[in-house]
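Chain and residue survey
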Amino acid sequence: MSTETAEFVMPENGPTRRRVLGVAGVAACGVALTACGAGEPGVPAVPPGIKGKVIAKTADVPVGGGTVIDKWKVVITQPSAGVFKAFTANCPHKGCAVGRVEEGIIQCPCHGSEFAADSGKCLKGPAEAPLAEFPLRVDDDEIVLL
Ligand code: FES
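Here's a quick rundown of the structure. (Residues numbered from 1 in each chain as written. Predicted model: local features only at pLDDT ≥ 70, side-chain atom pairs only at ≥ 80, totals over all residues. Heavy atoms only, no water.)

If you trace the four strands from one edge of the open sheet to the other, you get β2-β3-β4-β9, paired in antiparallel fashion. At either end of the open sheet lies a strand with only one pairing partner, and these are β2 (66-69) and β9 (133-134). Here strand β4 (residues 83-88) pairs with β9 via two bridges, running antiparallel. Residue pairing for β9: Phe87 is matched across the bridge by Glu133. (Pairing = 2+ DSSP bridges. Helix = DSSP H or I, 4+ residues; strand = E, 2+ residues; numbered from the N terminus.)

Written out as structure tokens, the structure reads:
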């Protein structure tokens, strides 16, 4: 993926950041935002009510894929065998719930944004930010958000 979207100061009456990013490549996500993660300022914490709860069984999450837990608005992925990740299912673009997880990519059905299933990193816009990651632990065959 190209990272030709270096930061620079925009003139007040110049193009918007979004427009400039669009010129640099429709598929590019915001460079400055891709390093964000859970626990950083502005990144949501685990939603109240699900912290400490079993949200899925490991058998429900295919290797290389994932499962969207609609009830909790969380997507659980298994990027490689035995490695589980949890992210918000709310797309940072306009808030749609992400859909399928295939071949290591979490897809948003609304406008086509794509996110890495191992990190939540935005791979393809229009979203400009990653999916916030939630900490988890695996107890035997149960996935628990921390
Ligand atoms: Fe997900 Fe627009 S809401 S791409």
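Our focus in this paragraph is the state of the cysteines. What the rule picks out here adds up to one disulfide. A sulfur-sulfur distance of 1.9 Å marks the disulfide that ties Cys96 to Cys110. Residues Cys96 and Cys110 are joined through a disulfide that is left-handed, its torsion about the S-S bond being -95°. With Cys96 in the loop between β4 and β5 (101-102) and Cys110 in the loop between β6 (105-107) and β7 (114-116), the pair connects residues that are 14 residues apart, well separated along the chain. (Disulfide = S-S within 2.5 Å.)

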